[in-house]
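What follows is the residue order along each chain.
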Amino acid sequence: MSSSSSFVKVVLVTGGSSGIGQAICVRLAAQGHRVFGTTRKAMEQPNGYRLVDMDITDEASVQRGVEEVLREAGRIDVVVNNAGLGIQGPAEDITPELALTLLDTNVLGAHRVCRAVLPGMRDRKAGLIINISSLAANFGLPFRSFYSASKAALERYTETLSMELEPFGIHVVSLQPGEYNTKIATSRLKPATISAVYEKAYARTMDVLGSSLHYSRDPDEVAVMVAEIMVTAKPKSVYRAAHGMQLFSILAKKLFPGRRFEQMVMKHYK
Ligand SMILES: NC(=O)c1ccc[n+]([C@@H]2O[C@H](COP(=O)([O-])OP(=O)(O)OC[C@H]3O[C@@H](n4cnc5c(N)ncnc54)[C@H](OP(=O)(O)O)[C@@H]3O)[C@@H](O)[C@H]2O)c1
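Structural notes, computed from the coordinates. Residues take numbers from 1 onward in each chain, read along the sequence in its written order. In keeping with the model being predicted, local features are shown solely for residues with a pLDDT of at least 70 and side-chain atom pairs are shown and tallied solely at 80 or more, while totals for entire chains, interfaces and linings include all residues. Excluded from the side-chain calculation are hydrogens and water; included are all heavy atoms of the structure.

### Regarding the pairing of strand E5 (residues 127-132)
Thought 1: Relative accessible area decides the class of each residue, using a 1.4 Å probe on protein chains only: under 20% of the type maximum gives buried, over 50% gives exposed, and in between gives partly exposed. Only DSSP runs of H or I covering at least 4 residues are called helices, and only runs of E covering at least 2 are called strands; the numbering of each starts at the N terminus. Counted residue by residue, E5 has 6 buried out of 6 residues, so it is predominantly covered.
Thought 2: Every second residue of E5 is oriented toward a common face, with Gly127, Ile129 and Asn131 on one face and Leu128, Ile130 and Ile132 on the other, all of them buried.
Thought 3: Two strands pair if DSSP finds at least two bridges between them. Bridge analysis of strand E4 (residues 78-81) against E5 gives 4 bridges, and the strand direction is parallel. Across the sheet, residue Val78 finds its bridge partner in E5, namely Leu128.
Thought 4: Strand direction decides the pairing type here: E5 and strand E6 (residues 170-177), joined by 6 bridges, are parallel. Looking at E6, one finds that Leu128 is bridged to His171.
Thought 5: For a crossover, the right-handed case is the one in which the path from the first strand over the helix to the second runs clockwise, viewed with the strands pointing away from the viewer. Handedness of the E5-helix H4 (residues 145-165)-E6 crossover: right-handed.

See the structure below:
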């Protein structure tokens, strides 16, 4: 692909230190784009792209990070709101405080970043925002209530933003990955205790989830999709990076709404 100046985009990817975000940074940098990832950790700078310090739950940190990119690169063409957390546990055991931590990251984190970059994008009447949601946004999953809830909220936020920003030439899209091989399972939030009544079912569900073959998929598949969206003149509102049963689950939800779909999900998790 050419790396002429019109092709080269300044891209900010939140959560560029591991998993899907890192894969996106690596791929886009290799294509010649000027890429800034983010991290909250003290890390060595990777080859090909820059990591800036940013905690998306902290407004001042987001402002500082975005200002740093603007100082260095002069503009931000593309934002990938990728940073996010998982959560697991019986809904009854999840305290509102724990749920708020998740929503603060997965929903308000993306909102803080959007608020910081939008004035520049509106001034230039151009921009692309890709919010990394999840297939889980489409349905509830046992023992992952607030993960689905946070991603469903991000979907509706994305849809609204897209309509509000269309007059300014800014495209907003949602990208829903299925399951990919990243560190997300190790950093999932968990309640301090699991009520005895849920213990067996919870352990079974987590076993099925943990042994899911789909987790072996390479996050670069998501990066490929991000790169494709970036060269699409009129991107769709929702993209899905998923295969087989996972993709089928979207169709199944449409074909068998309500209790029938819940039964299918419960059967999958035994
Ligand atoms: N893996 C999957 O199967 C899957 C499926 C569907 C959707 N997703 C979504 O994909 C996104 C990336 O997840 P992943 O699987 O790549 O997980 P991961 O390997 O655990 O990476 C998570 C990234 O988010 C960053 N992060 C977390 N909290 C942050 C905060 N408060 N401020 C700034 N950065 C923060 C981390 O950066 P630092 O810790 O370095 O700050 C890290 O780079 C998430 O939104 C996730 O929900 C993943």
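### What to know about the pattern of salt bridges
Thought 1: We define a salt bridge as a contact between a side-chain nitrogen of Lys or Arg and a carboxyl oxygen of Asp or Glu at a distance within 4 Å. Across all of its chains, the model carries 10 salt bridges by this definition.
Thought 2: When the shortest N-O distance is used, the salt bridge between Arg112 and Asp104 registers 2.7 Å.
Thought 3: Across the salt bridge formed by Glu159 and Arg156, the nearest N and O atoms sit 3.1 Å from each other. Placement of both Glu159 and Arg156 in helix H4 is noted, with a separation of 3 residues, approximately one turn of the helix.

### A few points about the sheet that holds E4
Thought 1: Sheet architecture is open: 7 strands sit in the order E3-E2-E1-E4-E5-E6-E7, paired in parallel fashion. The open sheet has two edge strands, strand E3 (50-53) and strand E7 (238-241), and neither has a second partner. Taken pair by pair, the neighbouring strands of this sheet meet at an average axis angle of 20°, ignoring direction.
Thought 2: Relative to E7, E6 runs parallel, the two being bridged by 4 bridges. Looking across to E7, one finds that Ser174 is bridged to Val238. In this description, a line fitted to the C-alpha atoms serves as the axis of each element, helices being fitted only across the stretch in contact, and the angle between N-to-C directions of two axes falls anywhere from 0 to 180 degrees.

### Some details on the site of the ligand
Thought 1: Around the ligand, a shell composed of 31 residues is seen, among which Ser17, Thr39, Tyr147, Tyr180 and Thr182 lie nearest.
Thought 2: Backbone polar atom of Tyr180 to an oxygen atom of the ligand: 2.6 Å apart, as the coordinates give it.
Thought 3: When the free accessible area of the ligand is taken as 880 Å², the share hidden by the protein chains comes to 96%.
Thought 4: Mapped onto the shell around the ligand, the elements with two or more residues apiece are helix H1 (19-30) and H4.
Thought 5: Of the residues that constitute the shell around the ligand, the class distribution is 10 nonpolar, 15 polar and 6 charged. Consider each residue's heavy atoms; a residue with any of them within 4 Å of a molecule or strand counts as near. For this analysis, a polar contact is any N or O atom pair within 3.5 Å, provided that within protein one partner can donate a hydrogen and the other can accept it, and provided that sequence-adjacent residues contribute only side-chain to side-chain pairs. Surface accessibility in these figures is a Shrake-Rupley result with a 1.4 Å probe; residues are shielded only by whichever protein chains are displayed. Residue classes follow a fixed rule: Ala, Val, Leu, Ile, Met, Phe, Trp, Tyr, Cys and Pro count as nonpolar, while Asp, Glu, Lys and Arg count as charged, and any other residue, Gly among them, counts as polar.

### Things to note about the packing of aromatic side chains
The geometry of an aromatic ring pair is captured by two quantities: the separation of the ring centres and the angle between the planes.
Thought 1: Within 6.5 Å between ring centres, the rings of Phe, Tyr and Trp (the latter by its six-membered ring) count as paired, and their orientation is classed by plane angle as stacked under 30 degrees, edge-to-face over 60, tilted in between. Under the defined criterion, the tally for this structure stands at 3 aromatic pairs.
Thought 2: An angle of 40° between the planes, with centres 5.3 Å apart, marks the rings of Phe139 and Phe261 as tilted. Linking Phe139 in the loop between E5 and H4 with Phe261 in helix H8 (residues 259-268), this pair joins segments that are 122 residues apart in sequence.
Thought 3: Looking at Phe261, the relative accessible area reads 6%, which means it is buried.
Thought 4: Of the aromatic side chains, those joined through ring pairs into one cluster are Phe143, Tyr198 and Tyr202.
Thought 5: Two conditions define a charge located above a ring, namely a distance within 6 Å from the ring centre to NZ of Lys or CZ of Arg, and an angle within 35 degrees of the ring normal. Seen from the ring of Phe168, Arg122 lies directly overhead, with NZ or CZ sitting 5.9 Å from the centre.
Thought 6: The side chain of Lys236 reaches across the aromatic face of Tyr239, ending 4.9 Å from its centre.

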